[in-house]
Amino acid sequence: MSAGSSSEAPAAAGHAASAAGAGAAPGRAGPDPSAIVRLSTAYWDSQVLLTANRLRVFDALAAGPRSADEVAATLQLDARSTRLFLRACAGLGLLELEGERFRNAPAAAAFLVSTSPGHMGNVIRYSDQLYGAWGQLEQSLRAGRPALPAETYLGDDPARTRAFVVAMHERALGIARALVSVLDLSGRRALLDVGGGPGTYSVLLTERFPGLRSEVLELPGVAAVARELVAAAGAAERVSLRDGDYHTADFGQGKDVVLMSGMFHRESAADCRSLVERAVACLEPGGLLVVSDVFTDPGGALPTFAAMFGLNMMLTAPAGGVHADADVQGWMRECGLVDIRTAALPPPMPHRVVTGRKR
Ligand SMILES: C[S@@+](CC[C@H](N)C(=O)[O-])C[C@H]1O[C@@H](n2cnc3c(N)ncnc32)[C@H](O)[C@@H]1O
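Below: a short report on this structure. (Residues numbered from 1 in each chain as written. Predicted model: local features only at pLDDT ≥ 70, side-chain atom pairs only at ≥ 80, totals over all residues. Heavy atoms only, no water.)

1. Thoughts on the site of the ligand
What surrounds the ligand is a group of 18 residues, the closest being Gly195, Glu218, Asp245, Tyr246 and Ser261. In this structure, Gly195 approaches the ligand through a main-chain N or O atom, which is 2.8 Å from a nitrogen atom. A distance of 2.6 Å separates an oxygen atom of the ligand from a polar side-chain atom of Ser261. Considered on its own, the ligand offers 590 Å² of accessible surface; in the complex 95% of this is hidden by protein. Here the residues of the shell around the ligand are counted per class, giving 6 nonpolar, 8 polar and 4 charged. (Near = heavy atom within 4 Å. Polar contact = N/O pair within 3.5 Å; in protein donor to acceptor, adjacent residues only side chain to side chain. Areas by Shrake-Rupley, 256 points an atom, 1.4 Å probe, with all protein chains shown as cover. Nonpolar A, V, L, I, M, F, W, Y, C, P; charged D, E, K, R; others polar.)

Structure, rendered in structure tokens:
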């Protein structure tokens with residue numbers, strides 16, 4: 001972020017407040033400008049978290065409280081700037097002040113320290129990498145193209161691809177426990193995990209449901225990293241990876257579960273409908289199709305996070321966006337599935353899981 005853009009924002013916020021205020025008669029209730037003022041600088045908050053995570057501020061405080069000078073010396077930062085920055089972190093609730101020293105707030109200690117089992121730093125680093133793409137929202141709206149070519153993080157750039165796969169893995173570890181609680185795969189044997197990314201769901205589902213084996217279908221660059229993660233989890237016997245493009249690959253026969261997680265948001269409605277059709281064709285009678293993703297309510301504007309997620313995908317994938325789970329239910333119905341239902345994962349996870357059974 002440039003210093004120029006930050007220094008102009010307060011003026012914009014003040015302008016929004018006074019413009020709205022000028023429209024309201026004294027003493028009369030009018031529209032409240034607070035949300036507009038807040039939105040005009042909301043990126044400040046994000047940039048503080050993203051930068052603190054990138055600089056590993058939370059690791060620097062993992063052993064206990066330290067002064068701003070000590071943190072600046074450890075991270076090789078300017079002392080005066082670091083003091084302002086750490087105070088802002090404290091203002092946001094990421095750190096706590098103890099006299100002149102700063103310590104991690106409980107949530108930061110649990111989720112932002114790299115040695116913590118709940119570490120989310122790689123997921124946050126992935127958001128950090130997309131910050132520049134969000135700065136090109138206007139260009140993307142004009143051109144109808146993503147600001148970040150998807151190939152960059154799906155194979156072409158090895159470092160970005162690895163960062164993407166590791167972020168998906170970390171996120172999946174957090175979500176999987178909730179997914180397992182809404183998904184009973186007892187007695188199932190053959191899972192096809194389409195666009196299975198790091199393979200984390202396959203690893204955890206085959207662990208949770210003994211007898212289940214999974215084949216993960218993925219693009220070669222992503223599959224190469226996923227193979228390492230699956231092997232590191234000791235799951236190579238239960239989970240295999242197949243290089244392929246899910247638009248053209250043969251889904252095979254005799255599957256009793258097909259999982260399509262986090263991939264509909266990359267695809268048009270027509271392609272999603274076709275993926276559902278091909279999934280149904282490879283299922284045995286009684287087989288289960290599971291489609292998990294961020295979905296909106298009908299109309300597409302709510303939940304707010306889902307509508308914003310649609311923009312994030314528009315910025316990073318050629319057909320990226322967001323669908324309504326009601327649409328997925330409709331495609332499943334058209335393809336002959338029964339017992340169709342949506343389950344929402346518990347907050348803070350924004351995901352909904354749509355399932356349907358083949359007769
Ligand atoms: C958001 S990730 C979801 C990964 C995983 N299923 C999960 O839920 O964590 C979407 C995945 O789809 C994969 N993908 C995108 N286009 C694909 C294609 N044409 N064929 C196969 N995989 C694809 C990407 O590589 C990525 O791993």
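Still more to cover.
2. Observations regarding the nonpolar core
Core analysis: the biggest nonpolar cluster contains 27 residues, and Val194, Phe251, Val258, Met260, Phe264, Leu289 and Met332 have the highest contact counts within it. Among the secondary structure elements, those contributing two or more residues to this core are strand E4 (190-194), strand E7 (255-261), helix H15 (269-282), strand E8 (283-296) and helix H17 (325-334). Among the elements that line this core, the one with the most residues is H15, at 6 residues. (Core = buried A, V, L, I, M, F, W, Y, C linked by side-chain atoms within 4.5 Å. Buried < 20%, exposed > 50% of the residue type's maximum accessible area, 1.4 Å probe, protein only. Helix = DSSP H or I, 4+ residues; strand = E, 2+ residues; numbered from the N terminus.)

3. Structural notes on the packing of aromatic side chains
For the coordinates displayed, the defined rule picks out 5 aromatic pairs. Relative to Tyr153, the ring of Tyr126 lies with its centre 6.4 Å away and its plane at 65°, an arrangement referred to as edge-to-face. Placement of the pair is Tyr126 in helix H8 (residues 121-129) and Tyr153 in helix H11 (residues 150-156), with a sequence separation of 27 residues. As far as the burial class goes, Tyr126 and Tyr153 line up, both buried. (Phe/Tyr/Trp six-rings, centres within 6.5 Å; stacked < 30°, edge-to-face > 60°.)

4. What to know about the side chain of Thr82
Within the secondary structure, Thr82 sits in helix H6 (residues 79-91). In terms of polar contacts, Thr82 uses its side chain to reach the backbone carbonyl oxygen of Asp78, at 2.6 Å. For Thr82, the residues in contact, after removing those within four places along its chain, are Ala68, Val71, Ala72 and Leu77. (Contact = heavy atoms within 4.5 Å.)

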